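Each chain, written out:
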Amino acid sequence: MRSKIFDCITFFQENMISNIRFEILNKCVDYFVVCESRYDHKGKKKKLNFRVLNKKFKDKVIYIVLDKPFDSNNSAWENQAVQREFILKSLKNIDLEDYIMFSDPDEIPNPKTLKNLKLKKKYGIFLQKMYCYKFNLFNKEESPWEGTRICKKKNLESIDYMRQKILMKNLNKSFLKFYIEKDIEIFQNGGWHFNSIISPSEISKKLKTFAHVEFSKKKYSDIKIIKQNIKDHKDLFGRNIYYKKESLNSSFPEYILKNKKNLKKWIL
């Protein structure tokens with residue numbers, strides 16, 4: 001029997017890119033697992049934002065809601081980990097040989113890599129090209145991005161561990177001092193990280209609420225500053241990084257190429 005693929009994400013407000021994700025991966029993923037919390041990673045209550053925009057995905061999406069407030073003593077990073085682990089606790093009817101794939105919503109694996117997937121190692125890392133603000137505004141400095149991770153259910157004890165500790169640099173480290181997981185397969189040309197392809201106000205809200213609390217400061221999260229950085233094709237975080245426009249070609253997802261008219265707001 002063929003192993004199924006469960007594509008898992010944690011969700012905050014990213015409806016557009018999440019639904020584009022469904023379109024891109026529809027033919028190679030069995031289930032889309034979306035976990036949304038009623039609280040942001042700073043512990044503040046929020047409304048539930050997730051919506052399935054195309055009815056054809058209604059029966060394919062497993063929507064998980066984390067209702068319980070985070071522990072008031074937790075850091076934002078700990079709250080992020082709690083939300084990730086809630087996915088693993090909540091998944092039902094999944095076989096030991098099935099694959100659990102985890103990403104942020106905007107880290108989209110290449111469907112060509114997933115087709116007929118046979119993971120040779122315990123874990124897999126998808127190396128992805130990063131684009132910022134627009135689908136074709138390339139961030140060379142942070143590419144390839146170590147985005148999507150994958151593991152068989154029988155080998156997966158913690159999604160947060162897979163995300164935080166399964167790293168390409170492990171392959172170059174020694175076992176001498178302490179145990180480092182090296183049973184990792186690297187997938188080149190592993191997809192796309194479409195980062196911050198949302199409005200300036202949404203970027204500001206994200207910076208004020210996600211685990212990197214250092215970026216909630218006004219010099220990063222002010223909407224006017226964000227708008228200027230987008231206009232200048234410049235990094236959000238004050239680093240001397242500029243992004244370069246690329247022409248859309250066959251290296252981009254087929255769905256984006258076929259829907260350029262509808263997505264023109266997000267294409268240079």
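Data block above holds the structure.
Throughout what follows, the structure given in this document is the object of discussion. (Residues numbered from 1 in each chain as written. Predicted model: local features only at pLDDT ≥ 70, side-chain atom pairs only at ≥ 80, totals over all residues. Heavy atoms only, no water.)

1. Topic: the pattern of salt bridges
Scanning the model with the defined rule gives 17 salt bridges in all. For the salt bridge of E246 with K129, the shortest nitrogen-to-oxygen distance reads 3.5 Å. Taken together, the residues E246 in the loop between β11 (244-245) and α8 (254-258) and K129 in strand β6 (residues 123-132) connect sequence positions 117 residues apart. Through salt bridges with shared partners, a single ionic network connects K4, D95 and D98. (Salt bridge = Lys/Arg side-chain N within 4 Å of Asp/Glu carboxyl O. Helix = DSSP H or I, 4+ residues; strand = E, 2+ residues; numbered from the N terminus.)

2. Some remarks on the pairing of strand β1 (residues 5-11)
Within β1, seven of the seven residues are buried, which leaves it mostly tucked inside the rest of the structure. Covered by surrounding structure in β1 are I5, D7, I9 and F11 together with F6, C8 and T10, the residues of both alternating faces. Inspection of the sheet shows β1 paired to strand β4 (residues 99-103) by five bridges, in the parallel sense. Across the sheet, D7 pairs through a bridge with M101, a residue of β4. When β1 meets strand β2 (residues 31-37), the two strands line up parallel, connected through six bridges. Counted as the bridge partner of D7 is F32 from β2. Crossover β1 to β2 through helix α1 (residues 15-25) is right-handed. (Buried < 20%, exposed > 50% of the residue type's maximum accessible area, 1.4 Å probe, protein only. Pairing = 2+ DSSP bridges. Right-handed = clockwise from strand over helix to strand, strands pointing away.)

This is a description of form; function is not addressed.
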